[in-house]
Amino acid sequence: QPTDQPPTSLSGIRPILQNIVATCNLGIALDLKTIAMHARNAEYNPKRFSAVIMRIRDPKTTALIFKSGKMVVTGAKSEEQARQA
């Protein structure tokens, strides 16, 4: 029977999802400098980190975009939010 509350384990502890991490591969190489210059809320400092860091306001998440075309989205509270980001 579906419920909004997660099931309680034998110990009485009720786990709650706080952070979803999603990954995807776009399958093409990306020009990170161009992305950073044209995207809002994006920062790119290749001396510090080899990906564009894009902070998304709604849903409140952070995307790491790599030159290889791979992306990592963190901070989502649900799978739907991760897909939206």
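Use the structure listed above.
The paragraphs below set out a description of the structure included in this document. Since the model is a prediction, treat every value here as computed from it, not as a measurement.

As a further point, take the overall build of the protein. When its secondary structure is counted, the protein shows 2 helices and 5 strands. Each helix and strand of the protein, ordered N terminal to C terminal, gives the series β-α-β-β-β-β-α. Counting all 85 residues of the protein, 22% fall into the buried class. Of the contacts made within the protein by residues no fewer than 6 positions apart, 41% connect residues no fewer than 24 positions apart. Accessible area of the protein: about 6800 Å², with a carbon and sulfur share of 54%.

Topologically, Pro 59 is positioned in the loop between strand S3 (51–56) and strand S4 (61–66). Judged by relative accessible area, Pro 59 falls into the buried class, the value being 5%. The spatial distance from the C-alpha of Pro 59 to the C-alpha of Ala 76 is 7.0 Å, given a sequence separation of 17 residues. Contacts of Pro 59, omitting those with residues within four sequence positions, involve Gln 81, Gln 84 and Ala 85.

What follows covers the pairing of S4. Sheet topology note: the S3/S4 ladder contains 6 bridges and is antiparallel. In the strand pairing of S4, Ile 53 is matched with Leu 64. Between the end of S3 and the start of S4, which pair antiparallel, lie 4 residues. Of the strand pairs in this sheet, S4 and strand S5 (residues 70–76) are connected by 4 bridges, and their pairing is antiparallel. Directly across from Thr 62, in S5, lies its bridge partner Thr 74. In this structure, the hairpin formed by S4 and S5 is closed by a connection of 3 residues, where Gly 69 is found at a positive phi of approximately 100°.

Between side chains of opposite charge, pairing is possible as soon as their charged atoms come close. In total, this model carries 2 salt bridges according to the counting rule given. Measuring nitrogen to oxygen at the nearest pair gives 3.8 Å for the salt bridge that ties Arg 55 to Glu 43. Note that Arg 55 is positioned in strand S3 and Glu 43 in strand S2 (residues 42–43), a separation of 12 residues in sequence. Notably, a salt bridge pairs Glu 79 with Arg 83, separated by 2.7 Å at the nearest N-O pair. With a gap of 4 residues between them, Glu 79 and Arg 83 both fall in helix H2 (residues 79–84), about one helical turn apart. The exposure class of Glu 79 is exposed, given its relative accessible area of 52%. Under the relative-accessibility criterion, Arg 83 is labelled exposed at 64%.

Rules and cut-offs
- Residues numbered from 1 in each chain as written.
- Predicted model: local features only at pLDDT ≥ 70, side-chain atom pairs only at ≥ 80, totals over all residues.
- Heavy atoms only, no water.
- Helix = DSSP H or I, 4+ residues; strand = E, 2+ residues; numbered from the N terminus.
- Buried < 20%, exposed > 50% of the residue type's maximum accessible area, 1.4 Å probe, protein only.
- Contact = heavy atoms within 4.5 Å.
- Areas by Shrake-Rupley, 256 points an atom, 1.4 Å probe, with all protein chains shown as cover.
- Pairing = 2+ DSSP bridges.
- Salt bridge = Lys/Arg side-chain N within 4 Å of Asp/Glu carboxyl O.

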